[in-house]
Amino acid sequence: MGVPCVPQRCHPDVPPCPPEMSPWVSPTSPGDATPLGTHLPLEMTPQLSPASPGDATPRGMPAGGGLLCGASGLALLLAATATHFWLQRRVPGGTASLGLWRACLEGHCRPHPGTPALWEATRVLMLLSVLTAAAGLALGLSVAASTARRARARVAGVALLLAGLLALLGLAVYTASTLSLLGPARTAWHFSWSYILGWVAVVLISSAGLFHLCAAAKDPSPESSEVAGA
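Computed from a predicted model, the values in this text were never measured in an experiment. (Residues numbered from 1 in each chain as written. Predicted model: local features only at pLDDT ≥ 70, side-chain atom pairs only at ≥ 80, totals over all residues. Heavy atoms only, no water.)

A. Representation of the sheet that holds strand E3 (residues 102-105). Read across the sheet, five strands follow the order E4-E3-E2-E1-E5 without closing on themselves; strand pairing throughout is antiparallel. If you trace the sheet from one side to the other, it starts and ends with strand E4 (108-111) and strand E5 (190-191), each paired once. (Pairing = 2+ DSSP bridges. Helix = DSSP H or I, 4+ residues; strand = E, 2+ residues; numbered from the N terminus.)

Below you can see the structure in the form of structure tokens.
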């Protein structure tokens with residue numbers, strides 16, 4: 001090894017260092033090391049691919065809960081509207097039951113000979129509730145495949161809440177009209193399982209609407225995606 005180059009002001013007997021050499025560093029060839037402060041080539045720098053707005057996964061309250069409640073509520077609403085066990089009483093030899101469309105006695109059913117106006121209103125409200133709930137559930141199922149997730153989830157939530165409100169009005173009208181029509185005979189009749197299914201459907205469908213509205217409020221996707229999807 002040679003004598004290291006030392007500044008002349010410290011050792012006067014040692015020749016000064018060449019200007020291109022640094023103290024205590026032996027000269028190297030240009031290809032041996034990369035000078036300090038030199039940037040790596042662009043192709044060697046790791047690049048991160050930009051994420052598109054549609055790649056973001058909606059956070060917040062999961063939409064699966066809303067779809068499950070909506071599907072269950074729609075099934076119960078259909079069962080309540082179609083079956084004839086809204087009112088029931090015991091008669092000699094069996095039971096009698098009444099629904100929105102038919103009256104049954106000992107297993108033999110026939111359409112209502114005459115329907116009160118308020119029961120007609122209940123029919124209309126329940127049918128509108130079924131159609132609105134089906135539309136809201138269809139919109140909820142299409143949220144994941146759409147770029148306008150927030151808008152569709154919001155509309156689905158509003159539709160499901162409206163369906164729950166229509167069913168609630170129908171059940172309230174039926175309850176009030178039935179108690180007034182039966183009069184003193186209402187002690188012999190009692191509300192049966194079709195009527196109860198309607199109330200359970202109201203709770204499930206309304207809950208599904210709230211799930212969708214909360215999911216839309218917590219979705220981090222930009223509003224521009226809604227405009228593009230529309």
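B. How the structure looks around the packing of aromatic side chains. Tallying each qualifying case throughout the model produces seven aromatic pairs. A ring pair is formed by Trp 86 and Tyr 174, whose centres lie 4.8 Å apart and whose planes are at 65°; its orientation type is edge-to-face. Of this pair, Trp 86 sits in the loop between helix H1 (63-82) and strand E1 (87-91) while Tyr 174 sits in helix H3 (residues 149-182); the two residues are 88 residues apart in sequence, bridging distant segments of the chain. Plain terms: the ring middles of Phe 191 and Tyr 195 are 4.2 Å apart, the flat faces sit at 20° to each other, and that makes the pair stacked. Among the aromatic side chains, those forming a connected cluster through ring pairs are Trp 86, Trp 119, Tyr 174, Phe 191, Tyr 195 and Trp 199. (Phe/Tyr/Trp six-rings, centres within 6.5 Å; stacked < 30°, edge-to-face > 60°.)

C. Representation of the nonpolar core. In this structure, Leu 77, Trp 86, Leu 98, Met 126, Tyr 174 and Ile 205 are the most contacted members of the largest nonpolar core, which totals 26 residues. When residues no more than four places from it in sequence are discounted, the contact partners of Leu 77 are Met 126, Ser 129, Val 130, Ala 167, Ala 201 and Ile 205. (Core = buried A, V, L, I, M, F, W, Y, C linked by side-chain atoms within 4.5 Å. Buried < 20%, exposed > 50% of the residue type's maximum accessible area, 1.4 Å probe, protein only. Contact = heavy atoms within 4.5 Å.)

D. Spotlight on the state of the cysteines. As enumerated under the stated definition, the model contains one disulfide in all. What pairs with Cys 104 in a disulfide is Cys 109, and their sulfur atoms sit 1.8 Å apart. Linking Cys 104 and Cys 109, the disulfide has an S-S dihedral of approximately 110° and is accordingly described as right-handed. According to the relative accessible area criterion, Cys 109 is partly exposed, its value standing at 35%. (Disulfide = S-S within 2.5 Å.)

E. Spatial organisation of the packing of helix H2 (residues 117-141) against H3. Contact geometry for H2 and H3: axes closest at 8 Å, N-to-C directions at 160°. Taken as axis vectors, H2 and H3 run roughly antiparallel relative to one another. Every pair of crossing elements has a handedness; the one defined by H2 and H3 is left-handed. By residue class, the composition of the contact of H2 with H3 is 20 nonpolar, eight polar and one charged. (Axes fitted to C-alpha atoms, helices over the stretch in contact; angles between N-to-C directions. Parallel < 35°, antiparallel > 145°, perpendicular 65-115°, else oblique. Left-handed = near helix turned anticlockwise from the far one by under 90°. Nonpolar A, V, L, I, M, F, W, Y, C, P; charged D, E, K, R; others polar.)

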